[in-house]
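# What the coordinates show
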Amino acid sequence: MKTVRLKFLEQIPEKLEDGVLYISMEYGTVLHNCCCGCGSEVNTPLSPASWKMEYNGETVTLDPSIGNWSFPCKSHYWIKNNKVIWCKKWSQSEVNIHRKEEAQDMQIHYSEKKKKGMFARLWNWVR
Ligand SMILES: [Zn+2]
């Protein structure tokens, strides 16, 4: 089973190595090269509306799964305790449904934040 290594960094490196999960608490985000080996950079920002990361001192779990439907490979997998667990590829209609839900979640989340006057800096960063 494929596993990933962890690197905790303040700055995001320019070039990512395959099989490494780059975790930046500074930016509140996790980056890695797509686990299929296609070389696409995957950015999973940590926030209540997107991903949450569990770190037990040795391994990391990212929740929810990572769906790279914007890349040609369209790979879909979980990272659980540093292990890459492959999921079935999504059909275009499944992707569309998920995207819609995700966009709604984001909208709700960030409009609530705005109201409180706390616009997340990671959101600025990922854009
Ligand atoms: Zn890929």
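This write-up is about the structure you can find in this document. (Residues numbered from 1 in each chain as written. Predicted model: local features only at pLDDT ≥ 70, side-chain atom pairs only at ≥ 80, totals over all residues. Heavy atoms only, no water.)

## Section: empty space enclosed by the protein
- What the rule picks out here adds up to one cavity of 30 Å³ or more.
- K2, T3, V4, D18, G19, N33, C34, C35 and V84 together form the lining of the largest cavity.
- Grouping the amino acids of the lining of the largest cavity by side-chain chemistry returns four nonpolar, three polar and two charged. (1 Å grid on protein atoms, 1.4 Å probe; cavity = no way out; pocket = protein on both sides within 12 Å on 5 of 7 lines; lining within 4 Å. Points joined across faces, edges and corners; volume = space filled by probe spheres on them. Nonpolar A, V, L, I, M, F, W, Y, C, P; charged D, E, K, R; others polar.)

## Here we look at the environment of K7
- Looking at the secondary structure, you find K7 in strand β1 (residues 5-9).
- Take K7: its relative accessible area is 31%, and that puts it in the partly exposed class.
- In this structure, the C-alpha to C-alpha distance between K7 and S24, residues 17 residues apart in sequence, is 8.6 Å.
- Other than its neighbours up to four places away in sequence, K7 contacts E17, V20, L21, Y22 and I23. (Helix = DSSP H or I, 4+ residues; strand = E, 2+ residues; numbered from the N terminus. Buried < 20%, exposed > 50% of the residue type's maximum accessible area, 1.4 Å probe, protein only. Contact = heavy atoms within 4.5 Å.)

## Describing the coordination of the zinc ion
- The protein atoms donating to the zinc ion are C34 (SG), C36 (SG), C38 (SG) and C73 (SG), with metal-donor distances spanning 2.2 to 2.3 Å.
- Around the zinc ion sit four donor atoms; with metal-centred angles ranging over 106 to 112°, the donor geometry is tetrahedral.
- Binding-site remark: the zinc ion is held by donors from one chain whose sequence spacing is C-x1-C-x1-C-x34-C. Taken together, the residues C38 in the loop between β3 (29-33) and β4 (41-45) and C73 in the loop between β6 (60-67) and β7 (76-80) connect sequence positions 35 residues apart.
- Among the residues examined, C38 registers a relative accessible area of 38% and is labelled partly exposed. (Donors = N, O, S within 2.8 Å, 3.2 Å for Na, K, Ca; no water. Tetrahedral: all angles 85-135°; square planar, octahedral: opposite > 155°, others 65-115°.)

## Looking at the packing of aromatic side chains
- A full pass over the atoms with the stated rule returns two aromatic pairs.
- Centre to centre, the rings of Y77 and W86 are 5.1 Å apart; their planes meet at 65°, and the pair counts as edge-to-face.
- Overall, the relative accessible area of 0% leaves Y77 in the buried class.
- A cation over a ring is seen here: K80 above W78, with NZ or CZ 4.5 Å from the ring centre. (Phe/Tyr/Trp six-rings, centres within 6.5 Å; stacked < 30°, edge-to-face > 60°. Lys NZ or Arg CZ within 6 Å of the ring centre and 35° of its normal.)

## What about the side chain of T44?
- You can see T44 is positioned in strand β4.
- In this view, T44 contacts T29, V30, W51, L62 and I66; residues no more than four positions away in its chain are not counted.

## Thoughts on the sheet that holds strand β5 (residues 52-55)
- A sheet is described by the order of its strands in space; here four strands give the open sequence β5-β6-β7-β8, paired in antiparallel fashion. The sheet is open, and its two borders are formed by β5 and β8 (83-86), each paired with just one other strand. The mean angle between the axes of side-by-side strands here comes to 25°, regardless of whether they run parallel or antiparallel.
- The sheet contact formed by β7 and β8 spans four bridges and is antiparallel. Of the residues in β8, the one forming a bridge with K80 is K83. (Pairing = 2+ DSSP bridges. Axes fitted to C-alpha atoms, helices over the stretch in contact; angles between N-to-C directions.)

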